[in-house]
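Take a look at the letters that make up each chain.
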Amino acid sequence: PHADIKIKITGLRPGEKLFEELLVDKDNGNIKTDNEKIFIEEINESKDLECEVEKILENFEELDNLDVKELIKKHVPSYTIKK
């Protein structure tokens, strides 16, 4: 614990970010906390997760690439389809 450790600065690695992005919508349904940078996101609707997964598994093999993307968009609202 009392020995120096050599530190080598290597720079950013591929895919590494300098800053993290906030993935919540601060203006729509989030609860503020004492810290101005911390929010509690409210969930607008609850889904039966097991039921949703079953529906996806039942139809997944029959879908083409675009259909899979549309299925993801349906369940992940922040996902954008790139054609």
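The model shown is predicted, which means the values in this text are computed figures rather than measured ones.

## A word on the overall build of the chain
Logical step 1: When helices and strands are tallied, the chain shows 2 helices and 2 strands.
Logical step 2: Mapped in sequence order, the helices and strands of the chain form the string β-β-α-α.
Logical step 3: Of all 83 residues assigned to the chain, the portion counted as buried reaches 5%.
Logical step 4: Counting only contacts in the chain whose residues sit at least 6 apart along the sequence, the fraction spanning at least 24 positions is 6%.

## Digging into the environment of Ile72
Logical step 1: Positionally, Ile72 belongs in helix 2 (residues 65–75).
Logical step 2: Measuring from C-alpha to C-alpha, the distance between Ile72 and Ile56 comes to 9.4 Å, with 16 residues separating the pair along the chain.

## Comments concerning the confidence of the model for the chain
Low-pLDDT portions of the prediction should not be read for the details of their coordinates.
Logical step 1: Looking at the chain as a whole, its pLDDT mean stands at 77, while 80% of the residues score no less than 70.
Logical step 2: By mean pLDDT, strand 1 (residues 30–32) is the weakest element of the chain at 72, and helix 2 is the strongest at 84.

## A look at a negative patch on the surface
Logical step 1: On the surface, Asp48, Glu50, Glu54 and Glu58 cluster together to form a negatively charged patch.
Logical step 2: With respect to the helices and strands, Glu54 occurs in helix 1 (residues 49–60).
Logical step 3: You can call Glu54 partly exposed: its relative accessible area is 46%.

## Concerning a nonpolar patch on the surface
Logical step 1: A cluster of nonpolar side chains, contributed by Leu12, Leu18 and Phe19, occupies part of the molecular surface with about 390 Å² of accessible area.
Logical step 2: Summarising the element assignment, Phe19 is placed in the segment before strand 1.

The rules behind the values
- Residues numbered from 1 in each chain as written.
- Predicted model: local features only at pLDDT ≥ 70, side-chain atom pairs only at ≥ 80, totals over all residues.
- Heavy atoms only, no water.
- Helix = DSSP H or I, 4+ residues; strand = E, 2+ residues; numbered from the N terminus.
- Buried < 20%, exposed > 50% of the residue type's maximum accessible area, 1.4 Å probe, protein only.
- Contact = heavy atoms within 4.5 Å.
- pLDDT = per-residue confidence, 0-100.
- Patch = residues over 30% accessible without salt bridge, like charges linked within 9 Å, V, L, I, M, F, W, Y side chains within 5 Å.
- Areas by Shrake-Rupley, 256 points an atom, 1.4 Å probe, with all protein chains shown as cover.
- Salt bridge = Lys/Arg side-chain N within 4 Å of Asp/Glu carboxyl O.
- Lys, Arg positive; Asp, Glu negative; His and termini not counted.
- Charge placed at Lys NZ, Arg CZ, Asp CG, Glu CD.

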